[in-house]
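# Secondary and tertiary structure notes
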Amino acid sequence: MAAKWNLPPSGDMDKATGIYYQNMNMKELAERRKTNDVLIVPIGSTETHGPGQALGEDTFLVTRMAEEVARVTGCTVAQPLWYGAHPYHHLGMPGTIVIPDDVFIAYIEAMIAGFWNAGFRKQILLNGHGQEWVIPGAIHNFTKKYQVPAVLTEVHWWYATGGNLKTKEYGGVFDTPLYHACEVECSYLLAVAPEMVKTENLVDVEITGSYIKAEGNLAGPGDQTPPPLRYWMHEGLVRNYEAQMYPEGNLGPSTRASAEKARPGVESVLDYLEKLVTDIMEAFPPGQLPPLDEFTQRRGEAIDAVMKEPGTKGWRHLYTICWPP
Ligand SMILES: [Zn+2]
């Protein structure tokens, strides 16, 4: 039996293959929405990943994953957001482009509004970078501002790997936990975009650890049942101010990375995203959304008009309710 998922995916970002929103025309997009109106929006970053891994690693991880899910489910993928939000401990790393949290949230909110206005009112924000606590702010800002039916969710791939980020100590395949540009993350990049890794350049960097006792306190980014303190909830408990402590740009032994170690986890992410797209489409077939009278207390002609199919008689654009998004 042929494998369900193409790993590594072939890469569709500049191809007219019916995967990417921006690579299609209005006629094709209108046809697409009649069969599947879920849009995956990859949200990445531009940041140093050391001497052997491309600075777009976080973005390529999620564009390649999204492409595979679109190929199998028939949903559509937006071209990615290349620049992300960051925790304090990333600040100042050469190569890393840090967008302020409020600007990042506002930008994503405007993207959500634009895609909603285009008729893609079910959006999966597929996150590839350590900014999973920032993105829901855009979802809630959008829904509070417009109060129109929509299906919006973030998926952070680390949390959809089905337990496959585990170290050997916990029955997994990795020697070290997921940090950044490390054995784990580099393995995932090798599985989906191997041309973005120059293995001969990879270096191992020793993790210097925490100030506070880690056990029972600190959750690693990939922990499935983490202790209370996730990495984005604190600063000053861990020696992780990267511009000072990790000038190499990667943490941990990235030379131990391999595509084989990551493949089961990548397949878990893809299986999950396929399930999510399928479950959303089952709950809300093309053109359907959560019922207006259950989702919002807004009523009247102004709401009815924006809910119509874009461009049809009586339709009005979303920004008639509110500008700016
Ligand atoms: Zn990364």
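Located above this text is the structure these notes cover.
Below is a summary of the structure that appears in this document. Predicted model, so just to flag it, every value in this text is computed and none were measured.

About the criteria used
- Residues numbered from 1 in each chain as written.
- Predicted model: local features only at pLDDT ≥ 70, side-chain atom pairs only at ≥ 80, totals over all residues.
- Helix = DSSP H or I, 4+ residues; strand = E, 2+ residues; numbered from the N terminus.
- Rg over C-alpha atoms; globule rule 2.2 N^0.38 Å.
- Buried ≥ 20, exposed ≤ 12 C-beta atoms within 10 Å, placed from the backbone.
- Contact = placed C-beta atoms within 7 Å.
- Pairing = 2+ DSSP bridges.
- Axes fitted to C-alpha atoms, helices over the stretch in contact; angles between N-to-C directions.
- Core = buried A, V, L, I, M, F, W, Y, C linked by C-beta atoms within 7 Å.
- Parallel < 35°, antiparallel > 145°, perpendicular 65-115°, else oblique.
- Left-handed = near helix turned anticlockwise from the far one by under 90°.
- Nonpolar A, V, L, I, M, F, W, Y, C, P; charged D, E, K, R; others polar.

## Things to note about the overall build of the protein chain
Within the protein chain one finds nine helices and six strands. Against the 2.2 N^0.38 benchmark of 20 Å for 325 residues, the protein chain shows a C-alpha radius of gyration of 20 Å, consistent with a compact globule. Dimensions of the protein chain, computed from the C-alpha atoms along their principal axes, are close to 65 × 50 × 35 Å. Buried residues in the protein chain amount to 42% of all 325 residues. By sequence separation, contacts in the protein chain at least 24 residues apart represent 76% of the contacts at least 6 residues apart.

## With respect to the sheet that holds strand β4 (residues 151-156)
The strand order across the open sheet built from four strands is β2-β1-β3-β4, with neighbouring strands paired in parallel fashion. The open sheet terminates on both sides in strands that have one partner only, identified here as β2 (76-77) and β4. As paired strands, strand β1 (residues 38-43) and strand β3 (residues 122-127) are joined by six bridges and run parallel to one another. Bridging from a neighbouring strand, P42 pairs with L126 of β3. Where helix α4 (residues 135-146) meets the sheet, it contacts β1, β3 and β4, and its direction lies at approximately 175 degrees from that of β4.

## Some details on the nonpolar core
Within the largest apolar cluster, 72 residues are counted, with the highest numbers of intra-cluster contacts made by I40, M65, V69, L126 and L189. Secondary structure elements with two or more residues in this core: β1, α2 (57-73), α3 (101-117), β3, α4, α5 (183-192) and α7 (259-283). A per-element tally of this core places α7 first, with eight residues. Those residues within four positions of I40 in sequence are excluded, and the remaining contacts are A66, V69, A70, C75, V77, I124 and L126.

## Some remarks on the packing of α2 against α7
In the contact formed by α2 and α7, the axes pass within 10 Å of each other and the chain directions differ by 50 degrees. Classified by the angle their axes make, α2 and α7 are oblique. The crossing of α2 and α7 is right-handed. Contacts between α2 and α7 involve M65, E68, V69, V72 and T73 from the first element and V269, L270, L273, E274, V277 and T278 from the second. The residue makeup of the contact of α2 with α7, split by class, is seven nonpolar, two polar and two charged.

## Things to note about the pairing of β4
Note: β3 against β4, six bridges, orientation parallel. By the bridge assignment for β4, N127 is matched with H156.

## Side note on the packing of α5 against α7
Two elements in contact, α5 and α7, have axes separated by 7 Å at closest approach and are oriented at 80 degrees. What the angle tells us is that α5 and α7 run roughly perpendicular. When α5 is examined against α7, the residues S187, Y188, L190, A191 and V192 are found in contact with a partner set consisting of A259, K261, A262, R263, G265 and V266.

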